[in-house]
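Residue-level structural notes
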Amino acid sequence: AKAGEIVDLSPKGAALAGERSTAIVKTDQFEAIRLIVPSGGILKSHKVSGRLMLHCLEGRVRLELAGGAIELKANEWVHLDGGAAHGVRGIEDASLLLTVLLTEPADPAGDSAMRKDRGETDRYEDCGCAYRWESEGGRIAGDN
């Protein structure tokens, strides 16, 4: 999607079973993906450096976390800190809006400037969740 372009995130209903995960937008600051998780589908536990948000648009998934598991259903939203191990298991066919922040917020203590002086970067690594999902048997459409 281009800046200012409206993206329809309405539930797919009966058509959900034939849908593919789609990368909506990727910038230097964030990545947004409509992630389709079929009932019984599994995205194995992994970590992403950036903070992430999952908004369940329809269906139900089980989010596996280091401290246990939570169920996310339609119209529910959750966020995770960067580096938190997580996996997703489809309980029902589900559609999720996954947003990953790829840059660190401004650091009021000045640590960011010190890291830059040492040649380090504030950029988080690419999430790659949609492509990880595809490699584990999920389906994806679009390039980015």
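1. Section: the pairing of strand S9 (residues 94–101)
Most of S9 is tucked away, with seven of its eight residues classed as buried. The sheet contact formed by strand S2 (residues 30–37) and S9 spans eight bridges and is antiparallel. Looking at the pairing, Val 37 lines up with Ala 94 of S9.

2. Some words on the side chain of Ser 95
Inspection of the secondary structure puts Ser 95 in strand S9. Polar side-chain contacts of Ser 95 include one of 2.7 Å to the side chain of Arg 34. Excluding anything up to four places from it in sequence, Ser 95 contacts Leu 16, Arg 34, Leu 35, Ile 36, His 55, Cys 56, Leu 57 and Glu 58.

3. Focus on unusual backbone geometry
In this structure, Asn 75 is a non-glycine residue whose phi angle is positive, near 75°. Along the polypeptide, Asn 75 turns up in the loop between strand S6 (68–73) and strand S7 (77–80). Judged by relative accessible area, Asn 75 falls into the exposed class, the value being 66%.

4. Notes on the sheet that holds S6
If you walk across this open sheet you meet the four strands as S3-S8-S5-S6, and the pairing is antiparallel. In this open sheet, the two strands that pair with only one neighbour each are strand S3 (42–46) and S6. Across this sheet, the average inter-strand angle for adjacent strands is 20°, counted without regard to direction. Pairing between strand S5 (residues 60–65) and S6: six bridges, direction antiparallel. Bridge pairing in S6 links Arg 60 to Lys 73.

5. What about the nonpolar core?
Within the largest apolar cluster, 19 residues are counted, with the highest numbers of intra-cluster contacts made by Leu 52, Leu 54, Val 61, Leu 72, Val 88 and Leu 96. Elements represented by at least two residues in this core include exactly S2, strand S4 (52–58), S5, S7 and S9. The element that contributes the greatest number of residues to this core is S9, accounting for four residues. Those residues within four positions of Leu 54 in sequence are excluded, and the remaining contacts are Leu 63, Leu 72, Glu 76, Trp 77, Val 78, Leu 96, Leu 97 and Leu 98. Listed in part, the five residues of the second largest apolar core include Ile 24, Val 25, Leu 57 and Leu 97.

6. Describing the confidence of the model for the chain
Regions with low pLDDT carry predicted coordinates that are not meant to be interpreted in detail. For the chain, the average pLDDT comes to 81, and 72% of its residues sit at 70 or higher. Taken as a whole, residues 140–144 scores under 50 in pLDDT and shows 15 contacts with residues more than four places along the chain or in a different chain.

Thresholds applied
The numbering scheme is per chain: residues are counted from 1 as the chain's sequence reads. Local features are withheld for residues below a pLDDT of 70 in this predicted model, meaning they are given only at 70 or higher, and side-chain atom pairs are given and counted only at 80 or more; totals for whole chains, interfaces and linings count all residues. By convention in this description, side-chain values take in all heavy atoms of the structure and omit both hydrogens and water. Here's how the labels work: a residue is buried when its accessible area is under 20% of the maximum for its type, exposed when over 50%, partly exposed in between, all with a 1.4 Å probe on protein chains only. Put simply, DSSP marks the helices as runs of H or I at least four residues long and the strands as runs of E at least two long, and each gets a number from the N terminus on. Here the rule is simple: two strands pair whenever DSSP picks up at least two bridges between them. Nitrogen and oxygen atoms within 3.5 Å of one another constitute a polar contact, given that in protein one can donate a hydrogen and the other can accept it, and given that sequence-neighbouring residues count only through two side-chain atoms. Only heavy atoms enter the contact rule, under which two residues are in contact if any of them lie within 4.5 Å. Axes here refer to lines fitted to C-alpha atoms; in helices the fit is confined to the stretch in contact. Angles between the N-to-C directions go from 0 to 180 degrees. Nonpolar core, defined: a set of buried Ala, Val, Leu, Ile, Met, Phe, Trp, Tyr and Cys residues in which side-chain atoms within 4.5 Å join the residues together. Across the chain, each position has a pLDDT score giving the predictor's confidence in that residue, from 0 to 100.

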